Amino acid sequence: MHRDDIMLIHLGGLGDMCLSESTFFSVSEHFKEGIIALGYMRFLRLFKGYFKAIERVESAKWLPLFSQNESGDTWKRIIFIGKDREGTLRKRWSCISKEHMIFIEMYPEDCFIAPGDMRLGGYHVEDFQLTQLKSYGIEAKKKEIIPNISKRVILYPEKGFEKKKWHYENFLKLYDSLKERGIVVYILKSMGLEIDVKGAVFFDELHDIRDFFNDGGIFVSNDSGMAHFAGMCGLYTITIFSDFDPYVWHPRGKGTFVGCSEGKVDIALIESKIEEALKV
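Heads up: these notes are all about the structure in this document.

A closer look at the overall build of the protein
The secondary structure content of the protein amounts to 10 helices and 10 strands. Whereas a compact globule of 280 residues would reach a radius of gyration of roughly 19 Å, the protein reaches 20 Å, a difference of no more than 12%. With the principal axes as the frame, the protein shows a C-alpha extent of 65 × 35 × 35 Å. Out of the 280 residues in the protein, the part that is buried amounts to 52%. At a minimum sequence separation of 6, the contacts of the protein that also span at least 24 residues come to 61%.

Encoded structure:
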């Protein structure tokens, strides 16, 4: 069956989605007839204003897209934002795209750093994606982020799994220090981290976190999807990087970052960054 629709495929997580917002904005402005988006619903629905419909990739009806067997469905055009080092997905999906498929590589390959290394500059993911749009005749438009900075601090401790992390106990010490100084401070609890802190907040749904972010603030965290979400919502971000080049991966919007060498970042340094941000 032929679908006379444009389908955008993005299979990234929260941070990847936030970094692609300007790409969503640009293609939605270009293709006035509207776009159907396919990906992880929990994240994509944060950007529903850019699409005429959102489809959940976890649904069994989309399995043929990833199967070795040929799909009987075709689309007017496929837009794929992602990584495809071997070209397998592009080869498969170009066959079901009646018009030339648009492939936007999600991020540059050279985005890792050695422990303790701090780059002098890099190609930010947002710019990297927007530059690629030009080759398809699509005007690159950056989605403006309106700063929403207030005199409250939100700390987001988490456990490290694949990435190195500034240890969550450092966030607890920072929390106590800020409280003692009379600074309004919250801990936003992350999934899977059990901490006993009076007044810590936790939300199951991203739209509830967005509501929490509506009051603005300064957001302190490791490099994480939540840092990108906070930056997209206009909060001032202070982000601690260990494994990735911060010049490539820093959150959008206003903020700063700190390079973490083997997990060692002085709490006093982060506190000084917060003090600077409170003066903004």
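With respect to the sheet that holds strand E9 (residues 236–241)
Here 5 strands make up an open sheet; going across it, the order is E7-E6-E8-E9-E10 and the pairing parallel. Sheet topology places strand E7 (184–187) and strand E10 (255–259) at the edges, where each strand pairs with a single neighbour. Neighbouring strand axes in the sheet, compared pairwise and without regard to direction, differ in orientation by 15° on average. In this sheet, E7 lies alongside strand E6 (residues 152–156) in parallel orientation, the contact comprising 4 bridges. Residue pairing across strands places Ile154 opposite Tyr186, the latter belonging to E7.

Here's the deal with helix H6 (residues 168–180)
Counted at 1.5 Å a residue, the expected span for H6 with its 13 residues is 18 Å, and the 19 Å between its end C-alpha atoms agrees. Inspection of H6 places Asn170, Phe171, Leu174, Tyr175 and Leu178 among the buried residues, and these make up the whole buried set. Here the buried residues of H6 occupy an arc of 145° about the axis, which is enough to place them on one side. More than 90 degrees from the buried face of H6, the exposed residues found are Lys173 and Glu180. In this structure, the buried side of H6 is in contact with E6, E7, strand E8 (218–222), E9 and helix H10 (267–278). A positive backbone phi angle near 80° is found at Gly182, which sits one or two residues after H6.

As for helix H7 (residues 206–213)
For H7, the complete set of buried residues consists of Leu206, Ile209, Phe212 and Phe213. With its buried residues spanning 110° around the axis, H7 presents them on a single face.

Regarding the nonpolar core
Counting residues in hydrophobic clusters, the biggest one holds 42 residues, and the most contacted among them are Phe51, Phe213, Phe219, Met226 and Phe229. Per-element tally for this core: the top contributor is helix H8 (residues 225–232), with 5 residues. Residues within four places of Phe229 in sequence aside, it is in contact with Leu14, Cys18, Leu46, Leu206, Ile209, Arg210 and Phe213.

Quick word on the side chain of Gln132
Within the secondary structure, Gln132 is located in helix H5 (residues 125–133). Only 2.8 Å separates the side chain of Gln132 from the backbone nitrogen of Glu105, close enough to count as a polar contact. Filtering out sequence-adjacent residues up to four positions away, Gln132 remains in contact with Phe103, Ile104 and Glu105.

A short note on the pattern of salt bridges
One pass over the structure, following the stated rule, counts 17 salt bridges. Between Glu126 and Lys142 there is a salt bridge; the shortest N-O distance is 3.8 Å. Residue Glu126 is found in helix H5, and its partner Lys142 is found in the loop between H5 and E6; the two are separated by 16 residues along the sequence. Glu126 gets classed as buried once you look at its relative accessible area, which sits at 8%.

Rules used in this analysis
Residues numbered from 1 in each chain as written. Predicted model: local features only at pLDDT ≥ 70, side-chain atom pairs only at ≥ 80, totals over all residues. Heavy atoms only, no water. Helix = DSSP H or I, 4+ residues; strand = E, 2+ residues; numbered from the N terminus. Rg over C-alpha atoms; globule rule 2.2 N^0.38 Å. Buried < 20%, exposed > 50% of the residue type's maximum accessible area, 1.4 Å probe, protein only. Contact = heavy atoms within 4.5 Å. Pairing = 2+ DSSP bridges. Axes fitted to C-alpha atoms, helices over the stretch in contact; angles between N-to-C directions. Expected span 1.5 Å × (residues − 1). Arc of directions from axis to C-beta. Core = buried A, V, L, I, M, F, W, Y, C linked by side-chain atoms within 4.5 Å. Polar contact = N/O pair within 3.5 Å; in protein donor to acceptor, adjacent residues only side chain to side chain. Salt bridge = Lys/Arg side-chain N within 4 Å of Asp/Glu carboxyl O.

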